[in-house]
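# What the coordinates show
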Amino acid sequence: AQNWPQHRGTATAFPLSGFGLSAFAFTTISGFAFPDNTSSYLLLLAIGTFSLVFVSMFFLRVLPPQPTYSTLPNEEDRPPFVRKDSNELHRTRSGQRRYSGHSMDYEPTAEIFSADSLPSDADERSSLVSKSSSGPGDLSGPEEVANQDRRSHKPDITGIALLPKPEFWQLFVMLGLLTGVGLMTINNIGNDAKALWSHYDDTASKDFIQKRQLMHVSILSFTSFCGRLLSGVGSDVVVKRLHGSRFWCLFASASIFLAAQICALRIENPNFLWIVSGLTGLAYGALFGVYPALVADAFGVEGLSLNWGCMILSPVLFGNIFNLTYGKIYDHHSTILPGGERDCPDGLNCYARSYWVTGAASVLGIGLSLWAIRHEHVQKRLERRAEHEGLREA
């Protein structure tokens, strides 16, 4: 987000897409190495996730920020008596200039270089700015970076200063609502598959159902990966090419979530349950692909780590609410077997009411997204009007 301010959505979506693909990778490895062994799968997750982060840590390279000022070039903007291989620039008080080479110093006199012909401090400072240097993200120089920062967000806000900001609570609630919708299906797609298969085909074995559950985990993982990439890159296209709002990607995510809830309420044949897991993964990925860029645009990039950490507390709260709702509804339709395991033979009726709840939450998310788009449009219009009025007064 800091290195590519013009491509924040893309820059944050690519690293985050790894979260979506990781479940697919670990599930595939476990399927070949430890089939039907849950304990070995959990051990693989524990060792694999730790090892990837720990080993990669030694190869991290933190690059210094791009300098705003640089020395004068050798061939241009140099008095004729200065050696061409001298790159050191010493500043003294106005009216005095001393240029140092490797073996001699030159001190201009009044006949050679008068005080009136010397560049002013403002000219000298401006000459030190590298107009041809380019930063990451196709920026042409520090002036353009500053202009982009002014267009992209207000002065940086972080920490406790976020709490009184309505924008923080707006983003917090929207993220919580939509992640809660996604997490309910992600965490319970196995129960969905088990309930449907038990009702649809009572001859389906436990191993068969378990393989179908793993298939849905892989579908969720892969489509989440795709959603993150599409949303991050797409949000940059919407902002730069279409001059629209990133919140349109949030609207798309909420709409896909709504479609997934409708499918979950209609599908009784477990062979088509992949539609629910696919749409849910796509919407969930699209949500997380664009959200870091939305937070950076709203509060700046300097405190993005802390701001994003505060923001993702909302899935913890809302995710538990939706998961508890699903569990209560599912348990209400279940019977306890002699071994203590719960079984629900009612098929779709085992969990249908929970998807009515998440469907309503998806509609609310669509409404909030449209309101955010409208609010951002009004704010930009007011800012442009204020700028025009300021120019007239000047």
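Thresholds, definitions, all that
Residues numbered from 1 in each chain as written. Predicted model: local features only at pLDDT ≥ 70, side-chain atom pairs only at ≥ 80, totals over all residues. Heavy atoms only, no water. Helix = DSSP H or I, 4+ residues; strand = E, 2+ residues; numbered from the N terminus. Buried < 20%, exposed > 50% of the residue type's maximum accessible area, 1.4 Å probe, protein only. Polar contact = N/O pair within 3.5 Å; in protein donor to acceptor, adjacent residues only side chain to side chain. Contact = heavy atoms within 4.5 Å. Axes fitted to C-alpha atoms, helices over the stretch in contact; angles between N-to-C directions. Left-handed = near helix turned anticlockwise from the far one by under 90°. Nonpolar A, V, L, I, M, F, W, Y, C, P; charged D, E, K, R; others polar. Expected span 1.5 Å × (residues − 1). Salt bridge = Lys/Arg side-chain N within 4 Å of Asp/Glu carboxyl O. pLDDT = per-residue confidence, 0-100. Disulfide = S-S within 2.5 Å. Bend = angle between axes of the 7 residues up to and from the residue. Core = buried A, V, L, I, M, F, W, Y, C linked by side-chain atoms within 4.5 Å.

Tracing the backbone through its elements, the reader meets Ser231 in helix H6 (residues 206-240). A residue is classified by how much of its surface remains accessible, and Ser231, at 5% relative accessible area, is buried. One polar contact links the side chain of Ser231 to the main-chain carbonyl oxygen of Ala286, over a distance of 2.7 Å. Excluding its chain neighbours within four sequence positions, the residues that come into contact with Ser231 are Cys249, Ala286, Gly289 and Val290.

Contact geometry of helix H5 (residues 166-200) with H6 gives a least axis separation of 9 Å together with a crossing angle of 140°. Judged by the sense of rotation from one axis to the other, the crossing of H5 with H6 is right-handed. For the pair formed by H5 and H6, the contact residues are Ile186, Ile189, Gly190, Ala193, Lys194, Trp197 and Ser198 on the first element and Phe208, Ile209, Arg212, Gln213, His216 and Leu220 on the second. Within the contact of H5 with H6, the residues separate by chemical class into seven nonpolar, four polar and two charged.

As a further point, take helix H11 (residues 352-393). Across its 42 residues, H11 extends 62 Å between first and last C-alpha, which sits within 8% of the 62 Å expected from 1.5 Å per residue. Within H11, the full set of buried residues consists of Ala352, Ser354, Tyr355, Thr358, Gly359, Ala361, Ser362, Gly365, Ile366, Ser369, Ala372 and Ile373. In this structure, the buried side of H11 is in contact with H5, helix H7 (247-266) and helix H10 (313-332).

The next point concerns the pattern of salt bridges. Two side chains of opposite charge can pair, provided their charged atoms sit close to one another. Counting across every chain of the model gives two salt bridges. For Asp297, the salt bridge identified is with Arg246, shortest N-O distance 2.7 Å. Here Arg246 lies in the loop between H6 and H7 and Asp297 lies in helix H8 (residues 274-299), a separation of 51 residues in the sequence. For the salt bridge of Glu376 with Lys380, the shortest nitrogen-to-oxygen distance reads 3.9 Å.

Phi at His243 takes a positive value of approximately 55°, unusual for a residue other than glycine. Relative to the elements of secondary structure, His243 occurs in the loop between H6 and H7.

This prediction gives the chain a mean pLDDT of 75; 70% of its residues lie at or above 70. The low-confidence segment residues 68-153 (pLDDT under 50) makes 98 contacts with residues lying over four places distant or belonging to another chain.

It is worth spelling out the state of the cysteines at this point. Considering all chains together, one arrives at one disulfide under this definition. Between the sulfur atoms of Cys344 and its disulfide mate Cys350 the distance is 1.8 Å. Disulfide Cys344-Cys350: torsion about the S-S bond near -95°, hence left-handed. Neither residue differs from the other here; Cys344 and Cys350 are each classed as buried.

An ideal rise of 1.5 Å per residue puts 38 Å on 26 residues; H8 measures up with 38 Å between its terminal C-alpha atoms. The largest bend in H8 comes to about 30°, at Tyr291, with the proline Pro292 one to four residues further on. For H8, the tally of buried residues reaches 20 of 26 residues, placing the bulk of the element in the interior. After H8 finishes, the residue Gly300 shows a positive phi value of roughly 95°.

Further remarks concern the environment of Ala195. Take Ala195: it is sitting in helix H5. Separated by 150 residues in the primary sequence, Ala195 and Pro345 place their C-alpha atoms 6.3 Å from one another. Sequence-distant contacts of Ala195, that is, excluding residues within four places in its chain, are made with Tyr330, Cys344, Gly347, Cys350 and Tyr351.

This part takes up the nonpolar core. For soluble globular proteins, nonpolar side chains are generally found buried alongside one another. Counting residues in each nonpolar core, the largest one holds 58 residues, and the members touching the most others are Phe247, Leu250, Tyr291, Phe299, Met311 and Tyr351. By residue number, the principal contributor to this core is H5, which donates 15 residues.

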